[in-house]
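Coordinate analysis (summary)
So you can see what is in the structure, the chains are spelled out below.
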Amino acid sequence: MENLHFFSLSKITSQLENYLSKIEAATKNCDIQPDQPNLQPVSKGNTKMAKTPESLELSINDATDKSLDRDCTTLSRHVLQQLQSFSPDAQDLSALMNRIGLAGKLIARRLSRAGLMEGVLGFTGEVNVQGESVKKMDVYANDVFISVFKQSGLVCRLASEEMEQPYYIPENCPIGRYTLLYDPIDGSSNTDTNLSLGSIFSIRQQQGTDSDGQATDLLTNGHKQIAAGYILYGPSTMLVYTIGNGVHSFTLDPSLGEFILTEENIKIPNHGPVYSVNEGNFWQWEESIREYIRYVHRTEGYTARYSGAMVSDIHRILVQGGVFLYPGTIQKPEGKLRLLYETAPLAFLIEQAGGRATTGLVNILDVVPKKLHQRTPLIIGSKEDVAKVESFIQNGH
Ligand code: AHG
Ligand code: MN
Ligand code: MN
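From a predicted model like this one, the values you see are computed outputs, not experimental measurements.

Helix and strand content of the chain: nine helices and 17 strands. Taken across its 397 residues, the chain has 38% of its residues classed as buried. At a minimum sequence separation of 6, the contacts of the chain that also span at least 24 residues come to 61%.

Right under this line is the structure:
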């Protein structure tokens, strides 16, 4: 009996070794580490039984195929799958997203060691075009995006929160006609306290030659965006994007140095419990917004969450439902957030997930800016929750 037991165990062990070496060989195709095969015991009635080698073979092959497929679904491959094309345009967009991913990896790497390095945290002493004190990480992240697109042949202009005028890369222009608009670090006030941060991006096709260097063709509505998304620097680094065909999330696997597909076609719930707003501004808001906040205070089922980084607050809302608000104040009716590289890209993404984004009066994607750094109020999130805020703004209840 003991011998029999020994025999079957050693047989299983040798079979397992065999399967593991097959997995290793297969995974070399995409340079990844094999995952542990699923060795959970199967239960039969009330008794747990070890799997037979045959059933192990099935489940190991199955697990391998699934994990291989998952681990090989990188960002650039996903873009090509989405476009169902290998045309030069599709290749360009795929390469472009890959470069944005590279920027995200560089920023995430610096953030992960920020407390250990000299000259990473704190302010530069400069004030940007928005009148805000600039952090060293804002400058670093701004330069990272420029750097990854120099000599890329993909993007000929970059416009960011940190630069008064767009940055031109003329040598890219004969090939690439894209413009990248971005907020290099969203939630800068979280930088020095090791809290979540983000980057926001939007891609537009350049219209015309922009011969006067004023980039006036960017002053169009948000429907003109080709792609948009954000990178979230949290406990893990995630990249969430849309190219107008749903919303998809990727998680950076540090052991691979790759963004790997986490979830496809994310749908935002129609309603959620979270309202996310800086209530410190309560007495500066219009009465309609105050009334809405009084309404959530007296209504069961709401909970407040506000991190100081819109990307992370909106990511929570994308997953769990709810509404994020940055309304205008009586003194600054246009609010704080900028249209072209903050509110419009997030509006595009949340609409693609089945949600809504409005100023309270107009859909964000319909707003045509008059200038590059134009601000808009923002109410964004689940359809029903956005409609509720809208109704307070438009009807007073
Ligand atoms: P940024 O760091 O790019 O200037 O953006 C910060 C934004 C947004 O991320 C956040 O929700 C909000 O501003 C925080 O502002 P308050 O401190 O006024 O709440
Ligand atoms: Mn921002
Ligand atoms: Mn910023």
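The discussion continues.
Here the chain shows a mean pLDDT of 87. Residues at 70 or above account for 85%. A low-confidence stretch, residues 1–7 stays under pLDDT 50, and its non-local contacts, those more than four residues away or across chains, total zero contacts. Note on residues 19–29: pLDDT under 50 across the span, and 13 contacts to partners over four residues away in sequence or across chains.

Relative to the helices and strands, Y241 is located in strand β10 (residues 237–242). Excluding residues that lie within four positions of it along the chain, Y241 makes contacts with M97, A227, G229 and H248.

With that settled, consider the sheet that holds β10. A sheet is described by the order of its strands in space; here eight strands give the open sequence β6-β5-β7-β8-β9-β10-β11-β12, paired in mixed fashion. Since the sheet does not close on itself, it has two edges, and those belong to β6 (167–168) and β12 (258–263), each with one partner. As defined by bridge partners, strand β8 (residues 197–205) adjoins strand β9 (residues 225–233) across eight bridges and the pair is classed as antiparallel. Residue pairing in the sheet places L197 in a bridge with Y233 of β9.

Turning our attention to the site of ligand 1. What surrounds ligand 1 is the set E132, E161, D183, D186, G187, S188, S189, N278, G308, A309, M310 and K336. For the shell around ligand 1, the domains that each give at least three residues are domain 1 (71–263) and domain 2 (274–395).

A few words now on the environment of G301. Residue placement: G301 occurs in the loop between α6 (287–298) and β14 (303–304). Taking the C-alpha atoms as reference points, G301 and V274, 27 residues apart in sequence, are found 8.7 Å from one another.

As a rule of thumb, soluble globular proteins bury nonpolar side chains together. Counting residues in hydrophobic clusters, the biggest one holds 81 residues, and the most contacted among them are L180, I350 and I380. The biggest single contributor to this core is helix α8 (residues 339–352), with nine residues. There are two domains that each give this core at least three residues, and those are domain 1 (71–263) and domain 2 (274–395).

Now for the sheet that holds strand β16 (residues 356–358). Strand order in the open sheet made by the five strands is β14-β13-β15-β17-β16, with mixed pairing throughout. Whereas interior strands pair on both sides, the edge strands pair on one side only; in this sheet they are β14 and β16. As defined by bridge partners, strand β13 (residues 274–276) adjoins strand β15 (residues 322–326) across three bridges and the pair is classed as parallel. Residue pairing across strands places Y275 opposite V323, the latter belonging to β15. With respect to the sheet, helix α7 (residues 310–320) is in contact with β13, β15 and β17 (378–381), its orientation differing from that of β15 by roughly 155 degrees.

With that out of the way, let us pick up helix α5 (residues 136–149). Quick reminder: α-helices carry 3.6 residues per turn. Residues three or four places apart thus point the same way. A rise of 1.5 Å per residue sets the reference length of α5, with its 14 residues, at 20 Å; its end C-alpha atoms lie 21 Å apart and thus fit the reference within 8%. Among all positions in α5, only M137, D138, A141, N142, F145, V148 and F149 are buried. In an axial view of α5, the angular spread of the buried residues amounts to 135 degrees, which keeps them on one side of the axis. Where α5 is buried, its residues meet α4 (88–112), β4 (133–135), β5 (155–160), β7 (178–186) and β8. Phi turns positive one or two residues past the end of α5, at Q151, with a value near 55 degrees.

Rules and cut-offs
Residues numbered from 1 in each chain as written. Chains lettered and ligands numbered in written order. Predicted model: local features only at pLDDT ≥ 70, side-chain atom pairs only at ≥ 80, totals over all residues. Helix = DSSP H or I, 4+ residues; strand = E, 2+ residues; numbered from the N terminus. Buried ≥ 20, exposed ≤ 12 C-beta atoms within 10 Å, placed from the backbone. Contact = placed C-beta atoms within 7 Å. pLDDT = per-residue confidence, 0-100. Pairing = 2+ DSSP bridges. Near = placed C-beta within 6 Å. Domains from an automatic or database assignment. Core = buried A, V, L, I, M, F, W, Y, C linked by C-beta atoms within 7 Å. Axes fitted to C-alpha atoms, helices over the stretch in contact; angles between N-to-C directions. Expected span 1.5 Å × (residues − 1). Arc of directions from axis to C-beta.

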